[in-house]
Amino acid sequence: MKFTIYIFTVVILFSSFTTKKDEKIIRNQIQQIQSIIDRDAIISYSKQYLGTPYIYAGNNPKKGFDCSGFVNYVFKYFDISLPRSSGAYKNIGKAKSPEDFKVGDILVFYGYKDRKNIGHLGIICEANGMKSKFIHASSGKIKSVTISALDSNHYSNRFYKCINVLSK
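Before going into details, it helps to say that this report is about the structure given with it. Bear in mind the structure is a predicted one, so any value in this text is a computation, not a measurement.

Looking at the overall build of the protein
Counting its regular elements, the protein contains four helices and seven strands. When the 168 residues of the protein are sorted by exposure, 40% land in the buried category. For the protein, contacts bridging at least 24 residues in sequence account for 54% of all contacts bridging at least 6. If you sum the accessible surface of the protein, you get close to 10100 Å²; carbon and sulfur atoms cover 55% of it.

Below is the structure:
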């Protein structure tokens, strides 16, 4: 946040010496920096819940999370309102190409039994296309908030899409 204030101050100081075109370029650069800061902040915040137990329908760090409860809780902290149910993510956002995946994007997965219903969500914490890593509340063997690899068979076979819910 202090870094953003510093950048803003620099822009104000130099705006009297720049053209409108330069101002537009500077504003775009600030938006890109702010986007990085916001995305990194989301991951930093989410990582504090590593090890929190998995609990069906959970959305409270003191009791536990399910996958959609975890995603909802993390983004709510940043004033981003998202659905509470994983199934509601099926029709949200436009699917991104793997080369466009970014930290803070949401991964959407089919359920275990069929490829009709959405059954799992996670937040990309290391963006690298289909080799990305994501943080999520796992109901599997670990039964807690953990970080997993998208390219594992378990997740790559169930992958539905990746979406950006951040406006930046």
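Things to note about the nonpolar core
One finds Phe70, Val71, Phe75, Leu82, Tyr89, Ile106 and Ile123 to be the most contacted residues of the largest nonpolar core, which totals 26 residues. Within the residue set of this core, elements represented by two or more residues are α2 (20-47), α3 (67-77), β3 (106-110), β4 (118-126) and β5 (133-137). Beyond its immediate chain neighbours, meaning those up to four positions away, Val71 contacts Leu82, Tyr89, Ile106, Leu121, Gly122 and Ile123.

A short note on the environment of Ala57
Position of Ala57 among the secondary structure elements: in the loop between α2 and β1 (59-60). A residue is classified by how much of its surface remains accessible, and Ala57, at 46% relative accessible area, is partly exposed. Beyond its immediate chain neighbours, meaning those up to four positions away, Ala57 contacts Asp66 and Arg84.

Focus on the pattern of salt bridges
Under the criterion given, the structure shown has three salt bridges. A salt bridge links Arg39 to Asp105; the shortest N-O distance between them is 3.1 Å. Here Arg39 is found in helix α2, whereas its partner Asp105 is found in the loop between α3 and β3, with 66 residues between them in sequence. A salt bridge links Asp66 to Arg84; the shortest N-O distance between them is 3.1 Å. Of this pair, Asp66 sits in the loop between β2 (64-65) and α3 while Arg84 sits in the loop between α3 and β3, and the two are 18 residues apart along the sequence. On the accessibility criterion, Asp66 (9% relative accessible area) is buried. If you follow the salt bridges from partner to partner, you end up with Arg39, Lys96 and Asp105 in one network.

Focus: the packing of aromatic side chains
Inspection of the entire model under this criterion finds 14 aromatic pairs. Between the aromatic rings of Tyr45 and Tyr77, the centroid separation amounts to 3.9 Å while the plane-to-plane angle is 10 degrees, which identifies the pairing as stacked. Of this pair, Tyr45 sits in helix α2 while Tyr77 sits in helix α3; the two residues are 32 residues apart in sequence, bridging distant segments of the chain. Ring pairing ties together the aromatic residues Tyr45, Tyr49, Phe65, Phe70, Tyr73, Tyr77 and Phe78, which thus form one cluster.

So, the environment of Lys133
With respect to the element layout, Lys133 can be found in strand β5. The class of Lys133 is partly exposed, set by a relative accessible area of 35%. Between the C-alpha atom of Lys133 and that of Asp151, which follows or precedes it by 18 residues, the distance is 8.3 Å. Setting aside residues no more than four positions away along its own chain, Lys133 makes contact with Ile123, Ile124, Cys125, Glu126, Ile147, Ser148 and Ala149.

Rules used throughout
- In every chain, residue numbers begin from 1 and rise along the written sequence.
- Owing to the predicted nature of the model, reporting of local features is limited to residues with pLDDT of at least 70; listing and counting of side-chain atom pairs is limited to 80 or more, with chain, interface and lining totals taken over all residues.
- Only hydrogens and water are removed before side-chain values are computed, so all heavy atoms of the structure are retained for them.
- Elements are defined by DSSP. Helices are runs of H or I of four residues or more, strands are runs of E of two residues or more, and each kind is numbered from the N terminus.
- We call a residue buried when its accessible area falls under 20% of the maximum for its residue type, exposed when it is over 50%, and partly exposed in between, using a 1.4 Å probe and counting protein chains only.
- We call two residues contacting when some pair of their heavy atoms lies within 4.5 Å.
- Only the protein chains shown count as cover for residues, and the accessible areas themselves come from Shrake-Rupley with a 1.4 Å probe.
- Residues grouped as a nonpolar core are buried Ala, Val, Leu, Ile, Met, Phe, Trp, Tyr and Cys residues, joined through side-chain atoms within 4.5 Å.
- Each reported salt bridge corresponds to a side-chain nitrogen of Lys or Arg within 4 Å of a carboxyl oxygen of Asp or Glu.
- The rule is short: rings of Phe, Tyr and Trp, with Trp giving its six-membered ring, pair when the centres are within 6.5 Å, and they are stacked under 30 degrees, edge-to-face over 60, tilted in between.

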